[in-house]
Amino acid sequence: MIFPILHIPGVGDGMTIAMDAVLHVVISHGLAIGFMTMLILFQTMTYAGKGPHWARISRSLLGPAVVVITSVGAVTGVGIWFITGILAPEGIGSLIHLFFWPWFIEWGAFTSEVILLLFYYYLWDRLAEKHPGRLTALGWGYVTMAVISAILISGILGFMLTPAGWPWGQTFDQAYYNPTFAPQVFLRLAGGLAIGSLLLTAWIAWRFKGTREERGSALRLAGGVFLGCVAVGAVSAWVYFSRVPMTFLTHWKFAVATSYMSQKPDFLPALNAVAVGVLCLTGLVAVLRWPVVCRILCIPAILLSVFMVMEFERIREFVRGPYLLPGYMYANQVPLAEKLAVDETKASYLPRMRWVDDNGTLPPDMVAGKALFAANCGVCHTTVKGGLNNIGIRVAGRTLDSLNAIVSITENLGPFMTPFTGSEPERLLLASYIYMLGKEQGYIKIPQAPKAPAAQAAAREAK
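Fair warning: this is a prediction, and the values are worked out from it, not measured in the lab.

Participant: Talk me through the overall build of the protein; I want residue IDs and the actual numbers.
Facilitator: When its secondary structure is counted, the protein shows 20 helices and 2 strands. The principal-axis extent of the C-alpha atoms belonging to the protein is close to 100 × 60 × 40 Å. Taken over 463 residues, the protein has a buried fraction of 47%. Long-range contacts, defined as pairs at least 24 residues apart, comprise 73% of the intrachain contacts of the protein with a sequence gap of at least 6. Placing the 34 positive and 26 negative side-chain charges of the protein at their respective mean positions leaves the two points 11 Å apart.

Participant: Report on the nonpolar core, specifying residues and quantitative values.
Facilitator: Core analysis: the largest hydrophobic core is formed by 49 residues, its most contacted members being Met36, Leu39, Phe42, Tyr120, Tyr142, Leu200 and Ile204. For this core, the element with the highest residue contribution is helix H1 (residues 13-47), accounting for 9 residues.

Participant: Kindly report on the pattern of salt bridges, identifying the contributing residues and their values.
Facilitator: Counted according to the given criterion, the structure contains 8 salt bridges. A salt bridge links Arg316 to Glu313; the shortest N-O distance between them is 3.0 Å. With Arg316 and Glu313 both in helix H14 (residues 291-318) and 3 residues apart, the pair spans about one turn of that helix. For the residue pair Arg316 and Glu313, the accessibility class agrees, reading buried in each case. Between Arg352 and Glu338 there is a salt bridge; the shortest N-O distance is 3.4 Å. Note that Arg352 is positioned in the loop between helix H15 (336-345) and helix H16 (364-376) and Glu338 in helix H15, a separation of 14 residues in sequence. By relative accessible area, Arg352 is classed as partly exposed at 30%. Look at the salt bridges and you will find they share partners, linking Arg188, Glu313, Arg316, Glu317 and Arg320 into a network.

Participant: Could you give me a rundown of the packing of H1 against H14, with the residues and numbers involved?
Facilitator: In the contact formed by H1 and H14, the axes pass within 10 Å of each other and the chain directions differ by 125°. As far as their axial angle goes, H14 and H1 are oblique. Relative to H14, the crossing made by H1 is right-handed. Contacts between H1 and H14 pair Val22, Val25 and Val26 from the former with Val309, Met310 and Glu313 from the latter.

Reading the values: rules and limits
- Residues numbered from 1 in each chain as written.
- Predicted model: local features only at pLDDT ≥ 70, side-chain atom pairs only at ≥ 80, totals over all residues.
- Heavy atoms only, no water.
- Helix = DSSP H or I, 4+ residues; strand = E, 2+ residues; numbered from the N terminus.
- Buried < 20%, exposed > 50% of the residue type's maximum accessible area, 1.4 Å probe, protein only.
- Contact = heavy atoms within 4.5 Å.
- Lys, Arg positive; Asp, Glu negative; His and termini not counted.
- Charge placed at Lys NZ, Arg CZ, Asp CG, Glu CD.
- Core = buried A, V, L, I, M, F, W, Y, C linked by side-chain atoms within 4.5 Å.
- Salt bridge = Lys/Arg side-chain N within 4 Å of Asp/Glu carboxyl O.
- Axes fitted to C-alpha atoms, helices over the stretch in contact; angles between N-to-C directions.
- Parallel < 35°, antiparallel > 145°, perpendicular 65-115°, else oblique.
- Left-handed = near helix turned anticlockwise from the far one by under 90°.

By themselves these figures say nothing about function.
What follows is the structure, given as structure tokens:
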């Protein structure tokens, strides 16, 4: 291990990354791709002579969209790099090493996308009247760059779940053109356009001040695009999940809804069916130009859309456990080859860790146990009482011997659990550290030794 191991106390690494990533996906896909494409489509309708109200809608929403995309969207995008670079440097390092050029080109596309967006926004008033064709070309140039950026990043994200034969062949083509590359491209583009058209539909239904005919035509176009994108997204999602190995899909319910809700096998499928029904109904009433019903349905439809984004990203991130990169690196950033080498030679793992957190408050054996916990368990488990997936409550009522035995078979406890990496003495150090945490948090009680008869008599006399 070359990099220092850092974890987020209480909240946990996974939740920290997820909160930033989901917000970024909603903005980068829903606003930057979907919403902006719809605004440019509306402006194009005016350029095509379909009426001035189309461009009026676009102009009134362009400013807020640009502000959110270039502020929250950009910050959360950089935030993903920053957070994952700190919490999973080995994983990010492996991806950069493999996908240097696609990522380099993607950054070029992203930079061009932002520049074109700003030109489109700041030149609107100058070009809309005298040169509407140039403004339209500028807008569709932006959309082209946004789509190229999404395609480039889809190959990298798909590889993280379905590397197919890459762990053995390790060629670029095997990694980038993985089995879920194509369906993920269509799913992300259709999903982004669906969210964007839904947001625009809601705004038209609630806020548009034009005539009844203008509102009706705008609702029909936005609703039609939304319905089409829901259909394409549903087919793409079906193809995508059909290409995810069944080994990973077996625990998708656990990934989304925790171990308790996963015991209700029909809950998530029913919730997804309801969500799709609400989305389709919302698009249908928009096409039928029923603004009052559309206003009511848009609110749950937007909430359910965000939920489905969270569900997809959660599944994509979690189900590939115990691996960060299947067949190559475990979720705790220990490469599979390094784990096998440690097992074969029965070597110690601590000497490979060049950064050990020792603040002088723990004895040496607990410092070693804490370091081993950070390397083996800290990516999923927190150590703060009341924290997410706290290790203390997970070992409630255990003895030190039973913990030592459990650590030796962690990979058998659940399909997402990583195996312990280290020697047998180190395994006992880790078990001892976890046992100490359990005692400190009150989840492990030390049995009281029975009092001697003389002591019992003295206690009775004292009373």
